[in-house]
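Structural features, examined
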Amino acid sequence: MPHWNLVEAINSALRISLNRDNRIIILGEDIAKIGGVFRATKGLLEEFGEARVMDTPLSEGGIVGIAIGMAAYGLRPVVEIQFADFIYPAFDQIVSELAKLRYRSGGQYSAPMVIRAPYGGGVKGGLYHSQSPETHFIHTPGLKVVVPSHPYQAKGLLTAAIQDEEPVIFLEPKRVYRAHREEVPEDYYTLPLGKARVSCIGENVTVVAWGAMHHEATTAIEQANERNISCELIDLQTLHPMDIQTVITSVRKTGRLVVVHEAPRTGGFAGEIISQVTESCFYHLECPPLRITGADTPFPYTGEMDYLPLAPRILAGIEAIARPS
Amino acid sequence: MLPPTETMRIIDFQGKVLRDIPKVSRAILLRIYRVMMTVRLVDERMLILHRQGRVGFYGACTGQEAPPVATAAALQEEDWIIPGLREGAAMLYRGYPLELYLAQVFGNGLDPMRGRQMPSHQAARAVRQFSWSSCIGTQVPHAVGVGIAMSRRGDGSIAVGFMGDGATSTADVHRGLWAAAHFRSRCILICQNNYWAISQPMRSQTRSRTLAERAYAYGIPFVRIDGNDAVAVYQGVGEAAEYVRADKGPVFLEMETYRMGAHSSADDPQLYRDNQEVASWKQRDPLVRLYTFLLDSGWWTETEDELLKQKIGQSITRSLEVLEPWPIAPIEVGYGR
C-alpha cells in the first residue's frame, strides 16, 4: 500500500473518480497545466484531457456559476477554489443558487457537485490564505460541509462527496497537505459522509476537533495521557450534517467536553456543538464545556502560531477542565 | 465586428412588413400569437387578483411577451431555457398546462415547486425551463454551464439564457460572458432590454449606446432585435440557434422592449417614469403589431380574435375555480428537501 500525504490522497481520489465516471469534470484556476497551486490535480490534464480538466480564468463566481449549470445538465463538476479565502466572490452562487436549487424547484432540478478549497492557517499565509470559513456554509441549508484530517479519510470522503446527490463544500487542511503520510489504498473506496470517527478512546475528557486541529489535539491528548488524563478524541469529518450522536455518546461517558477550531470564536461551530451536547446531556456534564479556538480578529501574518489553537493551548484546556482548581 | 447601430425589425410599429418575410408558417405565428394573448390575459387577471388580496405577489411580462414566446417557438424541444423574471411565458408555448402555471401563482399542492417559490418564478423540467432564484444575473453563468455540458454530452441541444438590462451591471453577467466566450458554450444569451431596472433607466447601466456592446467586449457576436416584433424575435433567435448549434460559439441578442406595467406588484412606476414614454411604447405593443400583421396576411380575423380572448378568459376562470380553493402542500413538504 502506498504511503501518501493528503495532497496525494486527494489526487488519487480525483483520478480514480475521473476514471470511473465520465460525467465528472474538474475545473478551477491553474488546476490543469500546473496541477493547481498545491499540485492536488497534478497529472490529470495529461491523463484526461482539457475537456475534463479545465483551467479557468480568475473568476470564482463564474467557475461555481457555470459548474451549477453543468451539474444541472447531468455532469458532475468538482471545482477547486484556490484558497478558501477566495471563495467569497462565489458566495452568492453557493448560498443563493447551489444550496437552494433543489429546494426551490420542488426537486425538479439539482446540482450535485463538490467545491474543494484549501483552508486554515499555519503556512505563513496571512489574512487571505489562512481563514476557516466553515460556519458560513454550515449555516446555509442545502450544503454538506466535509473536512478531512488525514490522507486516508481525505480520499474516502472525497470519493463519497463526488458521488453524493447534494452539493458538498470540501475543505482541505492545507497545513496538513504535506505534513503527514500514511497508508492509503490505491483502489476506489468511500467513507460515509455525516459520520464522525472516534480516533482515540478515552475516559476523562471528550475532545472534538477536525482538519489540521485534529493533529494538534492528537499531540495534546498524548501529553495529557502522560499526565494521567485519558481523553477521547473525535474527528467530526463531516461538519454538516453533524454526527452529534457520536459526541453525545462520548460525553455521557466522560462528562467533560473540549471543542477545538481555528475559526474565530464568536459564532464558531464549537458554540453549536456545545449547545447540542448541553441540550442532550446536561446532567451528564461534570463542568462547563470549553472552547479552544482562533481569536475574534482577522488572521494575523506574523502572529499566526499564537492565533491557532495549537497543542499547548489544547493541553492547558484539557487540564483545566479535567482538574478544576 | 462593429458595435451595433441597427435593430433587426421585420414588422414595423403599425404591423406592416418592412422586408422580405422569412419562411415562417402560419401555424407557428398563430401559436405565438395565441400564447402571447394567453400571457397578456393571465397577467391582467393575476394583477387584479393581487389587488383583491388573492395573490401574494406578481411580476407581469406585459409588453414583453414576444421575446419569451417567439424564442420558445424558434427553439427545438430539447433545448433548455434558463430564464429570469419575465420568461415564464416560454413554458406555455412549449405545452406547459395553464393549470399548473396558475397553480404556481397560488403555490398550492398542485404546484410542482410545492409552494416554495414566489409567483412568477416558474420552472418546469417537463418543458426544460430552468429554475430562477430572485437574484439578478446569477442565472447567466448557469446558462453558459448548461451550454458547456451540452457540448460535452454532444446531444445537439443548446441553452438559452435570459437577463434584463439591469442584470448587465452585475458581476455574474460578465462572468457568464467571459465563460461563454472562453469555453465556446452552446448558448444564446438574450438581454431583454426593457429600459427600466425598477427605477433605474437603461442609461444608468452604461454610457454606451447599446447593451449588445457588453458582448462585443468579450468577442461574442451579437444582434440587436426589436423585441416587440415577434417575427423578428422568431427569425433572430432561429438564426442564432443555427449558429450556436453548428458549434460556432455563443451569441448575444439584445432585444429592445418595454415593461408596460410595474416591475412587480410591489412597485409604482409613477414615481420614476414619464407617462408620455409609456404612451409612446404603447404604440409599439407587440400583440397589436402581430395581430395587425396576421390580419393583413389574411391569416386571422377579428371574429377569431374575439373568440380566442373569450376562450382564454373562460379557461382562466375555470382553472381559478379549481386552483384557488386548492389546499397548500402539507407543511412537511414546505420544509422538506
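Residues numbered from 1 in each chain as written. Chains lettered and ligands numbered in written order. Predicted model: local features only at pLDDT ≥ 70, side-chain atom pairs only at ≥ 80, totals over all residues. Heavy atoms only, no water.

Considering the domain arrangement of chain A
Residues and elements named next belong to chain A. When its domains are assigned, chain A resolves into domain 1 (3–183) and domain 2 (197–322). Taking only C-alpha atoms into account, the centre of domain 1 sits 26 Å from that of domain 2. Overall, the association of domain 1 and domain 2 removes approximately 2,300 Å² of surface from exposure, summing both partners, and the carbon and sulfur fraction of that is 57%. A per-residue breakdown of the area domain 1 buries against domain 2 is headed by Lys124, Ile138 and Arg175, which together make up 24% of the total. Counting across the interface, domain 1 meets domain 2 through eleven residue pairs in polar contact (both at pLDDT 80 or more). Per-class residue counts for the side of domain 1 that touches domain 2 are twelve nonpolar, twelve polar and four charged. (Domains from an automatic or database assignment. Buried area = accessible area lost by both parts, 1.4 Å probe. Polar contact = N/O pair within 3.5 Å; in protein donor to acceptor, adjacent residues only side chain to side chain. Nonpolar A, V, L, I, M, F, W, Y, C, P; charged D, E, K, R; others polar.)

Here's the deal with empty space enclosed by the protein
Applying the stated criterion across every chain, the model contains two cavities of 30 Å³ or more. Reported here for the largest cavity is a volume of approximately 80 Å³. Lining the largest cavity are 14 residues, with Gly59, Leu85, Gly88, Tyr101 and Ser120 of chain B sitting closest to its centre. Looking at the lining of the largest cavity, its residues break down into seven nonpolar, four polar and three charged. Here the second largest cavity defines a volume of roughly 40 Å³. Around the second largest cavity, the lining residues are Tyr119, Ser132, Glu134, Trp210, Ala212, Met213, His261, Glu262 and Ala263 of chain A. Those elements giving two or more residues to the lining of the second largest cavity turn out to be α8 (212–226) and β13 (257–264) of chain A. Take the lining of the second largest cavity: its biggest share by element is three residues, from β13 of chain A. Considered class by class, the residues forming the lining of the second largest cavity number five nonpolar, two polar and two charged. (1 Å grid on protein atoms, 1.4 Å probe; cavity = no way out; pocket = protein on both sides within 12 Å on 5 of 7 lines; lining within 4 Å. Points joined across faces, edges and corners; volume = space filled by probe spheres on them. Helix = DSSP H or I, 4+ residues; strand = E, 2+ residues; numbered from the N terminus.)

Overview of the sheet that holds strand β14 (residues 290–294) of chain A
Residues and elements named next belong to chain A. Taken together, the five strands give an open sheet; going across it, the order is β9-β11-β10-β13-β14, and neighbouring strands pair in mixed fashion. Two strands in the sheet have a free side with no partner beyond their single neighbour: β9 (197–200) and β14. Neighbour-to-neighbour, the strand axes of the sheet open up by a mean angle of 25 degrees, direction not taken into account. Both β13 and β14 contribute to a ladder of five bridges, which runs parallel. By the bridge assignment, Pro264 is partnered in β14 with Gly294. Packed on one face of the sheet, α8 meets β9, β10 (205–209), β11 (231–235) and β13 and runs near 170 degrees to β11. (Pairing = 2+ DSSP bridges. Axes fitted to C-alpha atoms, helices over the stretch in contact; angles between N-to-C directions. Contact = heavy atoms within 4.5 Å.)

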